[in-house]
Amino acid sequence: MTKIVSGSIFEKYLAKKKKDIFNYVQHLEKIIEVENNALWTNQKTFSDLAKKVIDNYVDNYYLNTNYYDNPIEYLKKLNKTILLCISTSCEKDNSLEIIQNYPREVFLLTILICVASYIDKSSNAITGDYKVTKYKFKNLLKDLENINNTKIRNDNKTIQQLFMLVKKSNITETKFFNEFMVTNSYNQYITYTNRPLYYLIKYHYSIPSLYEYNSRLVKKVNNEFEDEYASISIDLLNVQILKELVGNNAVYNYLIPISYLKKSSALKNVNNKYLKEHINVLVDFKVINENEELIKKIEDIGLSVVYDCSEIENINVEALKAEMTVIINNKFKKNNEENFEQWKNMNIKFILKNKEEEL
């Protein structure tokens, strides 16, 4: 069975990214320089400022920043974001004079973090390739050499050390993601609606041949461990969405059955900004009354609720409330045609359920 992860998977991953990018910046500082650097006269001054900016960047922008095959294009796109992080970090420390008094050094720090982020993202463990990244990095140095006030040291030893760190990080991340790939413990993602596209989550855990040996025992065990299975499923969903973000892939929208959130600790596992952008809680309309309290808690943490009427053909016009999102079938649509104008005025959104297909 997949090990239940304590704490937030996203928090652990982003904490690692802060360390990785800072380590890369420390090596890059020996390769990329500006003339007459007057801002950091010692390593501690540089480290303190770089850490604050990197923490700001990773916490607020890292997973929402796409990378590009062309590193120069990536640097152009990321440049404003890093400058904003420097500005907000300095403002927080009451040191905004740094930006005004040390423009070349601020420019250098921006370049260092942009390049470190490119190396990190381009060599990610999902879709990246650190060997290709190393080749592109050497070409990038030639481009940076043409920028005014920028000096490049072709320090092959430091470059080798830098990409040994990149390789080590890639291996660690690959092991991390592989820990969740267990053949007998996995989420199934089933197409539930097409427009918009939602995938319903179904968790599966099995011991080969045990069901055939004693199916009654298997059902009993599954019932006893229902909450634990739900926690594992949410962990796996965390990993799935994290992989989509890290790999620069399309991030899908997912439906979590409300039964997965019955345990009080379950809400903590979905209460992060990345998950809340891409998951909705699915509530069978027939059991809405018995879940009122839990629905309120779900909405209070900013999660969206989708009500499933796909097994209902007729409904009282007043049963649906303003601002609801409701999944329906074709018979429901036909049988309640006269009510849709009123529901439209209540800003109720209807989604047609389609034939279920696995992702």
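Summarised in this report is the structure supplied together with it.

Scoring rules and cut-offs
- Residues numbered from 1 in each chain as written.
- Predicted model: local features only at pLDDT ≥ 70, side-chain atom pairs only at ≥ 80, totals over all residues.
- Heavy atoms only, no water.
- Helix = DSSP H or I, 4+ residues; strand = E, 2+ residues; numbered from the N terminus.
- Buried < 20%, exposed > 50% of the residue type's maximum accessible area, 1.4 Å probe, protein only.
- Contact = heavy atoms within 4.5 Å.
- Areas by Shrake-Rupley, 256 points an atom, 1.4 Å probe, with all protein chains shown as cover.
- Lys, Arg positive; Asp, Glu negative; His and termini not counted.
- Charge placed at Lys NZ, Arg CZ, Asp CG, Glu CD.
- Disulfide = S-S within 2.5 Å.
- Axes fitted to C-alpha atoms, helices over the stretch in contact; angles between N-to-C directions.
- Left-handed = near helix turned anticlockwise from the far one by under 90°.
- Nonpolar A, V, L, I, M, F, W, Y, C, P; charged D, E, K, R; others polar.
- 1 Å grid on protein atoms, 1.4 Å probe; cavity = no way out; pocket = protein on both sides within 12 Å on 5 of 7 lines; lining within 4 Å.
- Points joined across faces, edges and corners; volume = space filled by probe spheres on them.
- Core = buried A, V, L, I, M, F, W, Y, C linked by side-chain atoms within 4.5 Å.
- Phe/Tyr/Trp six-rings, centres within 6.5 Å; stacked < 30°, edge-to-face > 60°.
- Pairing = 2+ DSSP bridges.
- Expected span 1.5 Å × (residues − 1).

Some points on the overall build of the chain
A tally of regular secondary structure across the chain gives 15 helices and nine strands. Looking at the chain as a whole, 45% of its 359 residues are labelled buried. Excluding contacts between residues fewer than 6 apart, the proportion of contacts in the chain whose partners are at least 24 apart in sequence is 71%. Total accessible area on the chain is roughly 19400 Å²; 47% of this is exposed by carbon and sulfur atoms. Taken together, the 49 basic and 46 acidic charged side chains of the chain have centroids lying 6 Å from each other.

Overview of the state of the cysteines
Enumeration according to the criterion identifies zero disulfides in this entry. Here cysteine 114 stays free of any disulfide, with the sulfur of cysteine 85 as its closest cysteine sulfur at 9.6 Å.

A word on the packing of helix H6 (residues 130–144) against helix H7 (residues 156–178)
As a packed pair, H6 and H7 sit with axes 11 Å apart at the nearest point and diverge in direction by 145°. Pair H6 / H7 crosses with right-handed handedness. For the pair formed by H6 and H7, the contact residues are Tyr130, Thr133, Lys134, Phe137, Lys138 and Leu141 on the first element and Ile159, Gln160, Leu162, Phe163, Val166 and Lys167 on the second. Class assignment for the residues of the contact of H6 with H7 results in seven nonpolar, two polar and three charged.

Side note on empty space enclosed by the protein
Space left empty within the atom packing is revealed by a probe, the size of a water molecule, rolled over the atoms. On inspection of all chains with the given rule, the structure shows one cavity of 30 Å³ or more. Space inside the largest cavity adds up to approximately 40 Å³. Surrounding the largest cavity, Lys17, Tyr24, Asp120, Ser123, Asn124, Val166, Ser169, Asn170 and Glu173 form its lining. With four residues, the single largest contributor to the lining of the largest cavity is H7. Among the residues forming the lining of the largest cavity, the class breakdown is two nonpolar, four polar and three charged.

Some points on the nonpolar core
Counting residues in hydrophobic clusters, the biggest one holds 101 residues, and the most contacted among them are Ile32, Val115, Ile119 and Phe137. In contact with isoleucine 32, other than residues within four places in its own chain, are Leu108, Ile111, Leu112, Val115, Leu141, Leu144, Thr150, Lys151 and Ile152. Counting eight residues, the second-largest nonpolar core is a separate cluster that includes Leu282, Val306, Ile327 and Ile351.

Focus: the packing of aromatic side chains
This structure, assessed with the given rule, holds 19 aromatic pairs. Taking 5.6 Å as the distance between ring centres and 55° as the angle between the ring planes, the aromatic pair formed by phenylalanine 137 and phenylalanine 163 counts as tilted. Of this pair, phenylalanine 137 sits in helix H6 while phenylalanine 163 is found in helix H7, placing the two residues 26 residues apart along the sequence. The two residues phenylalanine 137 and phenylalanine 163 agree in class, both being buried. Ring plane angle 40° and centroid distance 6.2 Å describe the contact between tyrosine 199 and tyrosine 254, whose orientation is recorded as tilted. Here tyrosine 199, found in strand S4 (residues 198–205), pairs with tyrosine 254, found in strand S5 (residues 253–257); they are 55 residues apart in sequence, far enough to count as distant. By way of ring pairs, the aromatic residues Tyr13, Phe176, Phe177 and Phe180 are connected into one cluster.

Re the pairing of strand S3 (residues 185–193)
Taken across its nine residues, S3 has eight buried, putting it largely inside the fold. Taken together, the eight bridges between S3 and S4 define a ladder with antiparallel strand orientation. When the bridges of S4 are listed, threonine 191 appears paired with tyrosine 199. Counting the residues in the hairpin turn of S3 and S4 gives four residues.

Some thoughts on the side chain of threonine 325
Within the secondary structure, threonine 325 sits in strand S8 (residues 325–328). Judged by its relative accessible area of 16%, threonine 325 is buried. Those residues in contact with threonine 325, other than ones at most four positions away along the chain, are Val305, Val306, Tyr307, Lys349 and Ile351.

With respect to unusual backbone geometry
With an omega of -5°, the peptide bond between arginine 195 and proline 196 qualifies as cis. By the secondary structure assignment, proline 196 is in the loop between S3 and S4. Even without being glycine, asparagine 347 reaches a positive phi, approximately 60°. Structurally, the position occupied by asparagine 347 is in the loop between helix H15 (340–345) and strand S9 (349–358).

What about the environment of asparagine 316?
Along the polypeptide, asparagine 316 turns up in the loop between strand S7 (304–308) and S8. Each C-alpha atom of the pair asparagine 316 and tyrosine 198 lies 26 Å from the other, and the pair is 118 residues apart in sequence.

Regarding H7
Look at H7: 33 Å from first C-alpha to last across 23 residues, which is about the 33 Å you get at 1.5 Å a residue. Every buried residue of H7 is accounted for by Thr158, Ile159, Leu162, Phe163, Val166, Ser169, Asn170, Glu173 and Phe177. Check the buried side of H7 and you find it contacts helix H1 (9–28), helix H5 (103–122), H6 and helix H10 (226–246).

Let's talk about the environment of leucine 261
Inspection of the secondary structure assignment puts leucine 261 in the loop between S5 and helix H11 (266–270). Taking the C-alpha atoms as reference, leucine 261 lies 23 Å from tyrosine 13; in sequence the two are 248 residues apart. Sequence-distant contacts of leucine 261, defined by excluding residues within four places in its chain, comprise Ile234, Ile256, Ala266, Leu267, Val270, Val281, Leu294 and Ile298.

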